[in-house]
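# Coordinates in review
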Amino acid sequence: MYGSLLDALPAVLSLGNFAAVVIGVIAGICIGALPGLSATMAISVLIPFTFGMDPLVALGMMAGIYNGAMYGGSIPAVLLRIPGTPAAVATSFDGYPMAQQGKGGYALQVSVVSSAIGGIASAIVLMLLAPPLAKVTLLFGPSEVFWVAVFGLSAIVFLLGGDILKGLMSACFGVFVSLVGLDSISGYDRYTFGHLELLDGINIVVLLVGLYAMPPAIALLEEIVDLDTSMSGKLNTVSLWKAIPSMLKYWKTWLRSSIIGIFVGILPGAGGSMAAFLSYNEARRASSNPDDWGKGEPEGVAASETSNNADTASALIPALTLGIPGTAVAAVMLGGLLIHGLQPGPMLFRDNPDIVFGFMWQFLFAAILLIVLGGALATNSFAQVLRLPRPLLGAFIIALVLVGVYSINGRMFDVYLMLGFGLVGYFMDKLKFPLPPVVLGLILGGFAEQNLRLALRIGGGDWTALASSTTSKVIIALILLVVLTPLFKRIFRPKRSLTSAS
Amino acid sequence: MTARISTIAAALCLASVTSTQAFADYPEKKIDLIVGYAAGGGTDVMARTVAPFLEEHLGNDATVVVKNMPGASGQIGVTAVAQAEPDGHTIGTYNLPGMMARTLDRDADYDADSFTYLANVVDDPNVIVTPKSSDIDTMDKLVATAQEREGAVTVSMSSLGGDDHFFLIRLSEVTDAEYTIVPFSGSAPARSALMGGHVTMGIINLSEVVNFRDELNVLGIATEERSELLEDVPTFTEEGYDIVNGSLRGFIAPAGLPDEVESSLITAFEKTYEDPEFREAMLKSGNPVKLTTGNDFEALNAEQLELAERVWETSPWK
């Protein structure tokens, strides 16, 4: 197998195939950076055009777009607190405060280097460990996936913000949105009010853009100074190569977040946003100064960006070997493979090793190219956008968002829905309701619910079935460990302060 | 009064003249091929594979443009076709039994009479599979387990009200046993749970199993004769369970298509089907082909609707 890996290399390095990766990465960064356009959408738009292309050209562009978009999403997240893609929400927690402190340039550099590291780690794992890791995917049935979702939901505690009641209300709103649509288990429509467009549920991009992009865009038009672009317009960047040595201290976060990202990638149905939330939370928990997080800690940007890129290539592990896509993007990519007559499964590796292994190399090159293209070219040019007069920038964002949301399914319904969420977001912003719990509630609420019900169905309604497998037990133990550790710490700490007080 | 009638008559004459001209050189503009699913899905791949062959065999410099209108499991796209102008410049993909099942379980703005049935191209029969690690590797063992205790056999499926669900309801009748339905959202998590051994069995389609013979036991196939893709797998009829079922994918146009347009489209589909290059492309993308055109396709649709209605009456899926 490793022999065919090397055999596939020359074809990948040919001019056309390599250029496809370069173009893909640049296009991906731009798409990710534009709020309302996501990698899933970009690749589905691209697929029809790849019909007549050479498979490696088509796949190279997809690999490039996927990696590029996962980084690109962090650019507006850092500079404007508008996540360009759902996976960049966690990046905005610390990235935006950094930009406000005039360290936006450094935040983007941390982001691009972390993204590249996550992507490289993921690509290497895909190349070397795909068959054994595919077996790990199979260990996760509904009950195991349910516990992973619960683990992710435990991150909500930190995201609640200062006012716990408002935070919980936000989380509930997110869970409520996840309920909309056809309930796949009973077959009943929930909160669709007879609209066919709502049957498939609400696309996360519609919600995300409404909540995150509309309020700041309106704020730009209102000329309120709380969105300070005069500072972030000057990025204060030193050369990327000079900045890298100061980042090496994040190696633990890079390693941890890569592992989390790769793991989430191979789980069916999860995705980059879940990886980013999980790894942000774990990095904060492991940090020596957790109280500084959310106020401009570069390590937070590193955690989130490493894992959302680490999820890219690994999502293809179950997709290529078992035909089970790990993320929505991987599902679309499978379609791209099918168009070229490449059917997933063990036969794929036997019959078309050049293409499969070439595709893996392309993921690796796309991740490496991120540093060059993302660091040098894209980041600086995108920062220039912020020098635009504010009303113009606001109008520009709104126009982009409208086009982006329309193009998801090509219908106005989603645009109106997005404007509705924009209104909700505007008032949430004014009334100081935190936004992240909404996103987490939407991603994990429905995911947890569906898997819990499937697990109970499989277990014949017996709740002990949820903890019957070894995998479930291990995850439950992890959750208890993570939830109870701070509790024990708190029990021991007041005693000491009490004794000192007396 | 007479003046008005003659004006209408003149207008009708004019209209028929212009439309006759339109038939003569059909297609006179691009043909929209509406796919009710997102780009990259199984139906989309079929449409995109067919499109260039259709262009070639229609002649007249025909251009076929695939338009994706995803949503509500294909219902949005098929409704758009039903409501389009019946001039042959809008056609669409059509899935059975899904599209007919939707007229029962939802408020659909179309019914069986809303379409001109052009050609069904793909016939992907159901198969029963169990994980390789499972002891249940024959139909007899499966049925024995299912009859032993009600609901003991858990079945992973990709959705409710689809071909796999109808198959299960038929199986339940024929084997006189109750199965526990575990409906996932989409075939990916359903297959993951199946391959991981989290459920007893799965109902999937032939195209999904061909590449995974080493990972799965195939207990039987729901066809009348054995498939050439899986020659060693017996049909359910052979094993004593009379079930023939599968997922069908084809092409339709709005009802009321002019006869000339209908016949030139059907001829183009027939020529496409005969094209060895087309067969090769469909085989590579994993689509078992079987052509049914025009009236036969309409009869096939009526048969599927009847089955769906019967199932809906005895055991509604929602």
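Given the structure is predicted, the values throughout are model-derived calculations rather than measurements.

## Let's talk about the overall build of chain B
If you tally the helices and strands in chain B, you get 11 helices and 10 strands. A compact globule built from 318 residues should have a C-alpha radius of gyration of about 20 Å, and chain B, at 22 Å, falls within 12% of that. A total of 318 residues make up chain B; the buried ones form 57% of that total. Excluding contacts between residues fewer than 6 apart, the proportion of contacts in chain B whose partners are at least 24 apart in sequence is 76%. Total accessible area on chain B stands at roughly 13,300 Å², and carbon and sulfur atoms take up 48% of it. Across chain B, the mean location of the 21 positive side-chain charges is 5 Å away from that of the 51 negative side-chain charges.

## Some points on the environment of Ala-108 of chain B
Residues and elements named next belong to chain B. As for its placement among the helices and strands, Ala-108 is situated in the loop between helix H4 (98-105) and strand E4 (115-131). Between the C-alpha atoms of Ala-108 and Gly-98, which are 10 residues apart in sequence, the distance is 12 Å. Discounting residues that sit within four places of it in the chain, Ala-108 has contacts with Gln-75, Arg-102 and Thr-103.

## Here we look at the domain arrangement of chain B
Residues and elements named next belong to chain B. Split into domains, chain B comes out as domain 1 (23-123 + 247-314) and domain 2 (125-246). A C-alpha centroid distance of 28 Å is found between domain 1 and domain 2. In this assembly, domain 1 packs against domain 2 so that about 1,100 Å² is buried in total across both faces, 64% of it on carbon and sulfur atoms. Its largest share of buried area at the contact with domain 2, domain 1 owes to Pro-97, Ser-247 and Val-311, together 37% of the area lost on that side. Where domain 1 packs against domain 2, one counts 1 salt bridge. If you look at where domain 1 meets domain 2, you find 1 residue pair in polar contact (both at pLDDT 80 or more). Of all elements in the fold, only H4, strand E9 (246-254) and helix H11 (294-314) reach the threshold of two or more residues within the side of domain 1 that touches domain 2.

## Here we look at the interface of chain A and chain B
If you look at the interface, chain A gives 46 residues, while chain B gives 39 residues. The largest share of the area that chain A buries against chain B comes from Leu-196, Gln-343 and Ile-458 of chain A, three residues that together contribute 16% of it. Where chain A packs against chain B, one counts 0 salt bridges. Seen at the junction of chain A and chain B, the total is 8 residue pairs in polar contact (both at pLDDT 80 or more). For the side of chain A that touches chain B, a count of residues per class yields 24 nonpolar, 15 polar and 7 charged.

## Observations regarding a nonpolar patch on the surface
Taken together, the side chains of Leu-480, Val-483, Leu-484, Leu-487, Phe-488, Ile-491 and Phe-492 of chain A define a hydrophobic patch exposed on the protein surface, amounting to about 650 Å² of accessible area. A residue is classified by how much of its surface remains accessible, and Val-483 of chain A, at 44% relative accessible area, is partly exposed.

## Points about the packing of aromatic side chains
Residue and element names in this part refer to chain A. Applying the stated criterion to the full structure yields 23 aromatic pairs over all chains. Judged by centre distance (6.2 Å) and plane angle (45 degrees), the rings of Phe-93 and Phe-277 are tilted. In this pair, Phe-93 sits in helix H7 (residues 89-100) while Phe-277 sits in helix H16 (residues 272-286), placing the two residues 184 residues apart along the sequence. When sorted by exposure, Phe-93 lands in the same class as Phe-277, which is buried. Plain terms: the ring middles of Tyr-250 and Trp-254 are 6.4 Å apart, the flat faces sit at 80 degrees to each other, and that makes the pair edge-to-face. Classification of Tyr-250 by relative accessible area gives buried; the value is 4%.

## Regarding the pattern of salt bridges
Opposite charge on two side chains allows them to pair when their charged atoms are near. Residue and element names in this part refer to chain A. Tallied over the full model, the rule gives 17 salt bridges over all chains. Where Arg-453 meets Asp-183, a salt bridge forms, and the shortest distance between an N and an O atom there is 2.9 Å. Here Arg-453, found in helix H24 (residues 436-458), pairs with Asp-183, found in the loop between strand E1 (181-182) and strand E2 (189-190); they are 270 residues apart in sequence, far enough to count as distant. Between Arg-190 and Glu-449 there is a salt bridge whose closest N-O contact spans 3.1 Å. Residue Arg-190 is located in strand E2, and its partner Glu-449 is located in helix H24; the two are separated by 259 residues in the primary sequence.

## Describing unusual backbone geometry
Residues and elements named next belong to chain B. Cis rather than trans, the peptide bond between Leu-96 and Pro-97 has omega equal to 0 degrees. Phi angles above zero are rare outside glycine, and Asp-61 is one such case at about 55 degrees. Positionally, Asp-61 belongs in the loop between helix H2 (42-58) and strand E2 (64-68).

## Comments concerning a negative patch on the surface
On the surface, Glu-303, Glu-306, Glu-309 and Glu-313 of chain B cluster together to form a negatively charged patch. Relative to the assigned elements, Glu-306 of chain B resides in helix H11.

## Quick word on the packing of helix H11 (residues 164-179) of chain A against H24 of chain A
Residue and element names in this part refer to chain A. Put simply, H11 and H24 touch, their axes get as near as 7 Å, and they point 50 degrees apart. With respect to each other, H11 and H24 are oriented oblique. Two packed elements cross with a definite hand, and for H11 against H24 that hand is right-handed. When H11 is examined against H24, the residues Gly-167, Ser-170, Ala-171, Phe-173, Gly-174, Val-175, Val-177, Ser-178 and Leu-179 are found in contact with a partner set consisting of Pro-437, Val-438, Gly-441, Leu-442, Gly-445, Gly-446 and Glu-449.

## Notes on the nonpolar core
With 185 residues, the main nonpolar core has Ile-43, Tyr-66, Leu-316, Leu-320 and Phe-363 of chain A together with Val-209 of chain B as its most contacted residues. Sort the elements by how many residues they give to this core and helix H21 (residues 353-385) of chain A lands first, with 15 residues. Once residues within four sequence positions are removed from consideration, Leu-316 of chain A is found in contact with Leu-126, Ala-330, Met-333, Phe-359 and Phe-363 of chain A.

## Some remarks on the environment of Asn-287 of chain B
Residue and element names in this part refer to chain B. In this fold, Asn-287 is placed in the loop between helix H10 (276-284) and strand E10 (289-293). Classification of Asn-287 as buried rests on a relative accessible area of 5%. Each C-alpha atom of the pair Asn-287 and Lys-67 lies 21 Å from the other, and the pair is 220 residues apart in sequence. In this structure Asn-287 touches Val-122, Arg-249 and Met-282, once residues within four positions along its chain are discounted.

## Brief notes about the side chain of Asp-275 of chain B
Residues and elements named next belong to chain B. For Asp-275, the location among the structural elements is in the loop between helix H9 (259-274) and H10. Buried charge Asp-275 goes without a salt bridge, the closest partner of opposite sign being Arg-279 at 8.7 Å. When near neighbours in sequence (up to four residues on either side) are disregarded, Asp-275 contacts Phe-53, Glu-56 and His-57.

## Digging into the environment of Leu-265 of chain B
Following the sequence through the fold, Leu-265 of chain B ends up in helix H9. Overall, the relative accessible area of 0% leaves Leu-265 of chain B in the buried class.

## Digging into the packing of helix H15 (residues 251-266) of chain A against H16 of chain A
Residues and elements named next belong to chain A. Between H15 and H16, the least distance of the axes is 9 Å, while the angle of their chain directions is 150 degrees. Taken as a pair, H15 and H16 cross one another with a handedness that is right-handed. Where H15 abuts H16, its residues Thr-253, Arg-256, Ser-257, Ile-260, Gly-261 and Val-264 lie against Met-274, Ala-275, Leu-278, Ser-279, Glu-282, Ala-283 and Ala-286. When the residues that make up the contact of H15 with H16 are grouped by side-chain class, the tally is 7 nonpolar, 4 polar and 2 charged.

What counts, and at which threshold
Residue numbers here run from 1 along each chain, matching the order of that chain's written sequence. The lettering of chains begins at A and the numbering of ligands begins at 1, in the order of writing. Note on the predicted model: pLDDT of at least 70 is required for a residue's local features to be given, and 80 or more for side-chain atom pairs to be given and counted; whole-chain, interface and lining totals, by contrast, use all residues. The basis for every side-chain value is the complete set of heavy atoms in the structure, and neither hydrogens nor water enter the calculation. Starting at the N terminus, helices and strands are each numbered in turn, a helix being any DSSP run of H or I of at least four residues and a strand any DSSP run of E of at least two. It is over C-alpha atoms that the radius of gyration is taken, and the globule rule equals 2.2 Å times the number of residues to the power 0.38. Accessible area is worked out with a 1.4 Å probe on protein chains only. A residue is then buried under 20% of its type maximum, exposed over 50%, and partly exposed in between. Residues are treated as being in contact if the distance between any of their heavy atoms lies within 4.5 Å. Every accessible area reported is derived by Shrake-Rupley at a probe size of 1.4 Å, with residue values counting cover from the shown protein chains alone. Only four residue types enter the tally: Lys and Arg on the positive side, Asp and Glu on the negative side, with His and both chain ends excluded. Note that the charge is assigned to NZ on lysines, CZ on arginines, CG on aspartates and CD on glutamates. Segment limits for the domains were obtained from an automatic or database-derived domain assignment. Accessible area that two parts lose when put together, evaluated with a 1.4 Å probe and summed over both, is termed the buried area. A side-chain nitrogen of Lys or Arg and a carboxyl oxygen of Asp or Glu constitute a salt bridge if their distance falls within 4 Å. Polar contacts, as used here, are pairs of N or O atoms within 3.5 Å; protein pairs need one atom able to donate a hydrogen and one able to accept it. Residues neighboring in sequence count only if both atoms are side-chain atoms. Each residue gets one of three labels, nonpolar for Ala, Val, Leu, Ile, Met, Phe, Trp, Tyr, Cys and Pro, charged for Asp, Glu, Lys and Arg, and polar for the others, Gly among them. Each patch is assembled from residues with relative accessible area greater than 30% and no salt bridge, linking like charges that lie within 9 Å and nonpolar side chains (Val, Leu, Ile, Met, Phe, Trp, Tyr) that lie within 5 Å. We call Phe, Tyr and Trp rings a pair once their centres come within 6.5 Å, taking the six-membered ring for Trp, and we label the pair stacked below 30 degrees between planes, edge-to-face above 60, and tilted otherwise. Helix axes are fitted to C-alpha atoms over the stretch in contact, other axes to C-alpha atoms as well, and angles between N-to-C directions run from 0 to 180 degrees. The labels follow the angle: roughly parallel below 35 degrees, roughly antiparallel above 145, roughly perpendicular from 65 to 115, and oblique for the rest. A clockwise turn of the near helix away from the far one marks a right-handed crossing, whereas an anticlockwise turn of less than a right angle marks a left-handed crossing. We call a set of buried Ala, Val, Leu, Ile, Met, Phe, Trp, Tyr and Cys residues a nonpolar core when their side-chain atoms join them within 4.5 Å.

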